[in-house]
Amino acid sequence: MPYTAADVLALKRETMLGAYYWGEENSWHPEHTSPIATAWAYGLLQELGATEAADKAELYLWDKRPGGYWRNTYESAQVLMQLMPRLNLTEKMEPVLELQVFGQTHLYTELPIRKPVGLPQAEVALKNVGNTPLYLSASTERWLDAPEAAGTDFTIRTRFAGDKQVLKRGEAIQLIAHVEVKKAAEYVMVEIPIPAGCTYEDKNRHWTEMHREYYRDRVVIFCRRLPEGEHQFTLNLQPRFAGTYTLNPAQVSLMYFPTFFGRSGMRQVEIR
């Protein structure tokens, strides 16, 4: 049965960093796992001459080796059968960043790097001249006096259990954060501020999370991977002091690429 690159691409899904994949990410069925399905799609795209799309599928395959390997021997064999014929095994695989600033060229193989480039009007050119994928993130920071809800990659909102608007001193309450992930994301950080009049009832952690850090004013949650869809995080709080307090915006972002983010708005909380 004839097929085209468009037929293959019609079934693709996309990660937040732009890699293409096929199959189910959480499936344990050998033929349905995303690395195997993506490897097959990668081979088809190469045969059909869709090299740009194939490169994005290859990016996903390399990204799916968090510990330096795929999940099992069968998965590794299926992926390598597709990748190896197109790899130059005589070359050392390493990323090489070429940086041009003020007419001077610099090459870097030890990554990541942080380098000031001087004046704001400096012309900077960056190019990956190595033979492996290389990620680049560029961002600026500024202070917002009245931040509003924002973000296209994630959405996040917080509420108190029972949708309570007024909290009672001494009565434990859950602060719930609802996170929507628009595309599958890895190394995600969720920051949930708490009102100044509250302390922690306990310091729990859900098994799906890698780690939680409890600070006086907020909780920071680290997740290795969040699949596309809805996710919920809860904090157990103890209101202590009466008054009206500001609940700062909650935020969810990629740890290493913070320009991919979502933020809730700022609001007031009353404790009686």
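Residues numbered from 1 in each chain as written. Predicted model: local features only at pLDDT ≥ 70, side-chain atom pairs only at ≥ 80, totals over all residues. Heavy atoms only, no water.

1. Some points on the packing of helix α2 (residues 34-47) against helix α3 (residues 51-63)
Running from N to C, α2 and α3 cross one another at 155 degrees; their axes reach a closest spacing of 9 Å. By the angle between their directions, the pair α2 and α3 is classed as roughly antiparallel. In the packing of α2 onto α3, the handedness of the crossing is left-handed. Residue-level contacts link S34, P35, T38, A39, Y42, L45 and Q46 of α2 to T51, A53, A54, A57, E58, Y60 and L61 of α3. Here the contact of α2 with α3 is built from residues that sort into nine nonpolar, four polar and one charged. (Axes fitted to C-alpha atoms, helices over the stretch in contact; angles between N-to-C directions. Helix = DSSP H or I, 4+ residues; strand = E, 2+ residues; numbered from the N terminus. Parallel < 35°, antiparallel > 145°, perpendicular 65-115°, else oblique. Left-handed = near helix turned anticlockwise from the far one by under 90°. Contact = heavy atoms within 4.5 Å. Nonpolar A, V, L, I, M, F, W, Y, C, P; charged D, E, K, R; others polar.)

2. Considerations on the side chain of E75
With respect to the helices and strands, E75 occurs in helix α4 (residues 73-83). If near-sequence neighbours (up to four positions away) are discounted, E75 is found in contact with T33, P35, I36 and W70.

3. Overview of the sheet that holds strand β6 (residues 154-160)
Overall, antiparallel pairing links the four strands, which are arranged β6-β8-β13-β10 in an open sheet. The sheet terminates laterally at β6 and β10 (198-200), the two strands that pair on one side only. The average undirected angle you get between the axes of adjacent strands in this sheet is 35 degrees. Bridge count for strand β8 (residues 173-181) against strand β13 (residues 229-239) is nine bridges, and the pairing is antiparallel. Looking at the pairing, V181 lines up with G229 of β13. (Pairing = 2+ DSSP bridges.)

4. Considerations on the environment of G49
Mapped onto the fold, G49 is located in the loop between α2 and α3. Note on G49: relative accessible area 51%, which makes it exposed. Sequence separation of G49 and T4 is 45 residues, and the distance between their C-alpha atoms is 10.0 Å. (Buried < 20%, exposed > 50% of the residue type's maximum accessible area, 1.4 Å probe, protein only.)

5. A look at the pattern of salt bridges
Evaluated as defined, the whole model comprises 12 salt bridges. Ionic pairing is found between E24 and R13, a salt bridge with its closest N-O pair at 3.8 Å. Of this pair, E24 sits in the loop between β2 (20-21) and α2 while R13 sits in strand β1 (residues 13-14); the two residues are 11 residues apart in sequence, bridging distant segments of the chain. You can call E24 partly exposed: its relative accessible area is 45%. A residue is classified by how much of its surface remains accessible, and R13, at 30% relative accessible area, is partly exposed. Among the salt bridges present, the one from E186 reaches R224, with a minimum N-O distance of 3.5 Å. Within this pair, whereas E186 is found in strand β9 (residues 185-193), its partner R224 is found in strand β12 (residues 218-226), the two being separated by 38 residues in sequence. Shared partners join several salt bridges into a network, and the residues in it are R13, E24 and E228. (Salt bridge = Lys/Arg side-chain N within 4 Å of Asp/Glu carboxyl O.)

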